[in-house]
Amino acid sequence: MIEKIQALKAEISKLAASTPEEAEQLRIKYLSKKGAVSALFNDFRSVAADQKRQVGVLLNELKTLATEKIASLKESMAAGADDALASIDITRTAVPKPFGTRHPLSLVKNEINSIFSRVGFTVAEGPEIEDDWHVFSSLNFPPDHPARDMQDTFFISREPSDVLLRTHTSSVQTRVMEKTQPPIRIICPGRVFRNEAVSARAHCFFHQVEGLYIDKNVSFADLKQVLLYFAREMFGPDTRIRLRPSYFPFTEPSAEMDISCHICGGKGCALCKGTGWVEILGCGMVDPNVLEACGIDPNEYSGYAFGMGVERIANLKYRVNDLRLFSENDLRFLHQFDAAH
Ligand code: DAH
C-alpha cells in the first residue's frame, strides 16, 4: 500500500496538460469517485491496524498533492487563454469584407418596375414552364400560324397539352386577365426562353418586362403617353419617341417603338447606325380576340400592351456589347456596376 501511494505521488507530480479538456480528464482520472486516489482511500479499510496511522497521513498528502497539481494545471490553462486574448488588438480596423453588388439586369429591371409603379402599375408574375394556351393560343396565335415561327420554342412535351418554356412574358397577361376583371394595370417582369444559337447578339434565355392596361375607354393616345413618360424617365428628359407600324398577333394595331439615340442625341452615330433612332419595344392595342379568350368583354373594355427586353435596355444604358456577359458571372464585368446606382 505504501509503495502504491509513493508511486502515485511520483506519477502525479509529473502530470502535464496542454488544454483545459486534458486537465479535466486528469481530474477525472485521479480525483473523481472512481479515480485512482479515491480507489486507494477505499483500500484503507484493509490496511493493518498498526500501519493505519502512517498510511492515513500519506493518503491525505497524496490527495492534497493531486488536488493542488490539477488546480494549478487548470489555472495555467486559463492564464494562457488570457495571454491569447491580450495579444488580440481589439482596436484594429476590421478586415473589410466585400459586399455583393446588384446584377446589371436586376438594376434595370428594378428601375423599370419603379418607373411604372409611379403611374399605378403593379407587378404580376407567372410560371416559366407554360402551356400552349397561355403562350400562344389565347394570344391569338392560331395553330400552325406562321407568327409562331417568330419565336423559336423549346417544347417540353406534346401530350397531354403542349408544355413549353415561355417565349415571352405576354403569357402573364392571359393568366391575370383570366382571373381578374378590369381595371387591370400590371407589368410582368420575367425570364423567357428561345431556341437560338448563343452569340454576342442572341441567347437561349433572356428577360422581358410586359405591360398591360385594360379599362373602359383606353386609347392609343394613353399608350403613347405612358411610353413617352417611360422613355424620358429611363433615358433622360430630352428623349423623343417614334412609333412604327408593326405586327403582333395579340395587338391591333401594333407598333414598334424607337427612342432618339441617347448617345448622339439623334444626329447619327455607330450605336444607332447613323439613323438617330434605336428600337426598344413592341406595343399595341390589345386585340379584341385576346380579351374575349380571357373572359373580358371587348365591347365594354379596351386596353394597350407593350413588351420590352431587359437586356436590350441594359445594353443601351450601359453599352454592353455582348449578351453573354450577363450570364457568365465574370466578376470583372459585374463589379463595374458597383457604383452604377
Ligand atoms: N411578346 C412580344 C415579343 O416577345 C413583345 C410584345 C410586343 C409584347 C407587343 C406586347 C406587345 O405586349 O403589345 O416579341
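Described in the following lines is the structure provided in the data block. Worth saying up front: this structure is predicted, and the values here are computed from it rather than measured. (Residues numbered from 1 in each chain as written. Predicted model: local features only at pLDDT ≥ 70, side-chain atom pairs only at ≥ 80, totals over all residues. Heavy atoms only, no water.)

Concerning helix H1 (residues 2-13)
Right, on to step 1. Between its first and last C-alpha atoms H1 spans 17 Å; for 12 residues at 1.5 Å apiece the expected length is 16 Å, and the two agree.
Right, on to step 2. Along H1, the residues that are buried comprise Ile5, Leu8, Lys9 and Ile12. Buried positions in H1, seen along its axis, are confined to an arc of 105° and lie on one side of it. (Helix = DSSP H or I, 4+ residues; strand = E, 2+ residues; numbered from the N terminus. Expected span 1.5 Å × (residues − 1). Buried < 20%, exposed > 50% of the residue type's maximum accessible area, 1.4 Å probe, protein only. Arc of directions from axis to C-beta.)

Some words on the environment of valine 163
Right, on to step 1. Its place among the elements puts valine 163 in strand S4 (residues 163-165).
Right, on to step 2. Considered as a pair, valine 163 and valine 135 are 28 residues apart in the sequence and their alpha carbons are 9.9 Å apart.
Right, on to step 3. Those residues within four positions of valine 163 in sequence are excluded, and the remaining contacts are Ile129, Glu130, Phe155, Ile156 and Ser157. (Contact = heavy atoms within 4.5 Å.)

Some points on the sheet that holds strand S3 (residues 155-157)
Right, on to step 1. One open sheet holds the 3 strands; their spatial order is S2-S4-S3, and the pairing between them is antiparallel. Either end of the sheet is taken by a strand with one partner, and the two such strands are strand S2 (129-131) and S3. Strand-to-strand twist of the sheet, defined as the mean angle between neighbouring strand axes without regard to direction, takes the value 40°.
Right, on to step 2. Alignment of S2 against S4, held across 3 bridges, turns out to be antiparallel. Its bridge partner being in S4, glutamate 130 is matched across the sheet by leucine 164. (Pairing = 2+ DSSP bridges. Axes fitted to C-alpha atoms, helices over the stretch in contact; angles between N-to-C directions.)

Comments concerning the pattern of salt bridges
Right, on to step 1. Inspection of every chain in the model, using the stated rule, returns 14 salt bridges.
Right, on to step 2. With a shortest N-O distance of 2.7 Å, glutamate 130 and arginine 175 are connected by a salt bridge. With glutamate 130 in strand S2 and arginine 175 in helix H7 (residues 170-179), this residue pair connects regions lying 45 residues apart in the sequence.
Right, on to step 3. Residue classification places arginine 175 among the partly exposed residues on the basis of a relative accessible area of 24%.
Right, on to step 4. A single network of salt bridges, built from pairs that share partners, joins Arg242, Arg244, Asp258 and Glu279. (Salt bridge = Lys/Arg side-chain N within 4 Å of Asp/Glu carboxyl O.)

A short note on the site of the ligand
Right, on to step 1. As a matter of local geometry, the ligand sits amid 16 residues, with His168, Ser170, Arg194, Gln208 and Glu210 nearest to it.
Right, on to step 2. A distance of 2.9 Å separates an oxygen atom of the ligand from a polar side-chain atom of arginine 194.
Right, on to step 3. The separation between an oxygen atom of the ligand and a polar side-chain atom of glutamine 208 is 2.9 Å.
Right, on to step 4. For the ligand, whose free accessible area comes to 350 Å², the fraction covered by protein is 91%.
Right, on to step 5. Given that more than half its atoms are within 2 Å of the pocket grid, the ligand belongs to the largest pocket.
Right, on to step 6. Elements with a contribution of two residues or more to the shell around the ligand: H7, strand S6 (205-215), strand S9 (277-286) and strand S10 (302-309).
Right, on to step 7. Broken down by class, the residue content of the shell around the ligand amounts to 5 nonpolar, 9 polar and 2 charged. (Near = heavy atom within 4 Å. Polar contact = N/O pair within 3.5 Å; in protein donor to acceptor, adjacent residues only side chain to side chain. Areas by Shrake-Rupley, 256 points an atom, 1.4 Å probe, with all protein chains shown as cover. 1 Å grid on protein atoms, 1.4 Å probe; cavity = no way out; pocket = protein on both sides within 12 Å on 5 of 7 lines; lining within 4 Å. Sits in = over half its atoms within 2 Å of the grid points. Nonpolar A, V, L, I, M, F, W, Y, C, P; charged D, E, K, R; others polar.)

Describing a nonpolar patch on the surface
Right, on to step 1. Taken together, the side chains of Leu85, Ile88 and Ile90 make up a nonpolar region of the molecular surface, amounting to roughly 370 Å² of accessible area.
Right, on to step 2. Overall, isoleucine 90 belongs to the exposed group, its relative accessible area being 79%. (Patch = residues over 30% accessible without salt bridge, like charges linked within 9 Å, V, L, I, M, F, W, Y side chains within 5 Å.)

Details of helix H8 (residues 220-235)
Right, on to step 1. Taking 1.5 Å of rise per residue, the 16 residues of H8 would be expected to cover 22 Å, and the 22 Å separating its terminal C-alpha atoms lies within 8% of that figure.
Right, on to step 2. The set of residues buried in H8 consists of Leu223, Val226, Leu227, Leu228, Phe230, Ala231, Met234 and Phe235.
Right, on to step 3. One side-chain oxygen at the N-terminal end of H8 lies 3.2 Å from the backbone nitrogen of alanine 221; it belongs to serine 219.
Right, on to step 4. At the exit of H8 stands glycine 236, carrying a positive phi of roughly 115°.

Considerations on unusual backbone geometry
Peptide bonds are trans in most cases, and residues, glycine excluded, mostly fall at negative phi.
Right, on to step 1. Here proline 182 and proline 183 are connected by a cis peptide whose omega angle stands at 5°.
Right, on to step 2. Within the secondary structure, proline 183 is located in the loop between H7 and strand S5 (184-193).
Right, on to step 3. The linkage connecting glutamate 252 with the following residue, proline 253, adopts the cis geometry, with an omega of -5°.
Right, on to step 4. Among the secondary structure elements, proline 253 is positioned in strand S8 (residues 251-260).
Right, on to step 5. Positive phi, normally seen in glycine, also occurs at asparagine 217, with a value near 60°.

Just geometry here; none of it tells us what the structure is for.
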